[in-house]
Structures are given as C-alpha cells and as structure tokens.
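What follows is each chain in one-letter form.
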Amino acid sequence: MANEGSLKSKIYAAVFESIIKGEYQPNDVLSEKGLVEKFNVSKSPVREALIELCNEGVLRSIPRYGYEVIRLTDRDVQNIQRFRLVLECGCLTQYWEMITPKHIEHLEQMLEEDYRGSLEHDALIHWAKNSKFHLALISCFNNEYIYRSLKASLTTLSRAYAQFYWDKWHKTEFVSFAGGHKQFLEHLKNNDKEAAVLCLQKDISGFDDLDSK
C-alpha cells in the first residue's frame, strides 16, 4: 500500500492535470468526498493535496462547501509576465558572468534532445519544454529562491494556457519556443549580453502572442 505522502502527490498531480486539461473549469467546485470516492483513498491524502493546491493559488477553500477552481484574469497573466521579465532578464543582466561554457553546453544539449525528431502538435508538451528551458537557465544562477519563484510563475501560466487558449492547443499551429531559444544560446556563446537580454525579453513576451493566433 502506498504511503500517504505518495498518495497525496499522485492526487495533487491528477487534480492539477484535470484543471490544465479543462476537465475542471474555473469556478467549478471540487468536493473532498467526491475525490475520496474517485481515487478510492482515505480523506487525509486528498485533504493534503487540496490544501497544497490552495496554497499555490489553484483552488480556494469554501468552508462547508468545497474547493473552487480559481479563475485567472487578464491582469493576473499580465502581472506574472511583468514579474518574469523583471526576474529573468534582471538575473541575466546581474549574473551574466556566472554563466559558463558548461552551462551553455548543457542548455544546447537539452534543447537538442527535447526537440530532436519532435513531430507532435501538442502545445502543452511544447509549453512544458519551454518551462524546462527557462528553469534550466535560471538554475545557472544558483539561487533556490529565484528558481522556486520562477517555477511557481510558470505553473500558473500553464493554467492560463488552459483557461484562455485551450481550443488552440488542439490545432497544428502553435507557438514553438525552440527557434528563440537557439538564437538566445548563440548570443550567450558570442558573449553578447545586450542581444541576449533582448532575445530573452522577446521569448518571454511570446506567451501574449497566442491571443492573436
């Protein structure tokens, strides 16, 4: 029998994935009892998973009623994007000298492996690869607090993808971040700080372009 920590993680992942895939819509209410029955587990891991989702701003606890899926607004997304621009571009500017040839090699290898022979037309997968790249870049600066802050922002933006652009996720045309990442790495290799920062700004802002696709 799986321990409750493992069950909690699985329930958390399953509920979050259901929100991302649109199975649970904004303002839908989840009940603890319903999830206990769905996963055939005790109340404890379900409650712990729901509390964590509340702490991350995914759900809102409504006493004696359930857990509501929080609706993201355009302002929420804009604020996160502004935060990312300040955080990521600021770190790149301030800690530029911390990026080593080994870091660049690792980023290039990761990018090649992620997109080698990639034939899928699933924007969700490509968003996950994009997030992975940005987290790998920010990890070069060896600051766990900055890393966790960016990870939380990217997680919230994945919900925004689902909420605002779900119909576009099933089309063959989507925003692929690979080209921008390759260009960014070229600027790193050329030690062109100004061009790299501008390229990163454009890459981060690419999320907003989805609305016009």
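Within every chain, residues take consecutive numbers counted from 1 along the sequence as written. Restriction of local features to residues with pLDDT of at least 70 applies here, the model being predicted, together with a cutoff of 80 or more for giving and counting side-chain atom pairs; totals for whole chains, interfaces and linings are based on all residues. Side-chain measures here rest on the full set of heavy atoms in the structure, leaving out hydrogens and waters.

What to know about the overall build of the protein
Within the protein, the secondary structure is distributed over nine helices and three strands. Relative accessibility thresholds used throughout: buried, under 20% of the residue-type maximum; exposed, over 50%; partly exposed, between the two (1.4 Å probe, protein chains only). Buried residues in the protein amount to 44% of all 213 residues. Note on contacts: a residue pair qualifies if any of its non-hydrogen atoms lie within 4.5 Å across the two residues. Taking all contacts inside the protein whose residues are at least 6 apart in sequence as the whole, residues at least 24 apart take part in 72%. Strands here mean DSSP runs of E at least two residues long; helices mean DSSP runs of H or I at least four residues long; both are numbered from the N terminus.

Quick notes on the packing of helix α4 (residues 74-94) against helix α9 (residues 193-205)
The angle between two axes is taken between their N-to-C directions and runs from 0 to 180 degrees, where each axis is a line fitted to C-alpha atoms and a helix contributes only its stretch in contact. Close contact between α4 and α9 brings their axes to 10 Å; oriented N to C, the two are set at 160°. In terms of orientation, α4 and α9 fall into the roughly antiparallel class. Classified by chirality, the crossing of α9 by α4 is right-handed. Contacts between α4 and α9 involve Q81, R84, L85, E88, C89, L92 and T93 from the former and K193, A196, V197, L200, Q201, I204 and S205 from the latter. Relative orientations are named as follows: roughly parallel for angles under 35 degrees, roughly antiparallel for angles over 145 degrees, roughly perpendicular for angles from 65 to 115 degrees, and oblique for any other angle. Definitions for this section: a left-handed crossing has its near helix turned counterclockwise from the far helix by less than a right angle. A right-handed crossing has that turn clockwise.

Quick look at the sheet that holds strand β1 (residues 29-30)
DSSP calls a pair of strands paired once it identifies at least 2 bridges connecting them. In spatial order, the strands read β1-β3-β2; together these three strands make up an open sheet with antiparallel pairing. Each of the sheet's edge strands pairs with one partner strand only, and the pair in question is β1 and β2 (59-62). When β2 meets strand β3 (residues 66-69), the two strands line up antiparallel, connected through four bridges. Its bridge partner lying in β3, I62 is registered against G66. Here helix α3 (residues 43-55) sits on the sheet in contact with β2 and β3, set at roughly 115° to β2.

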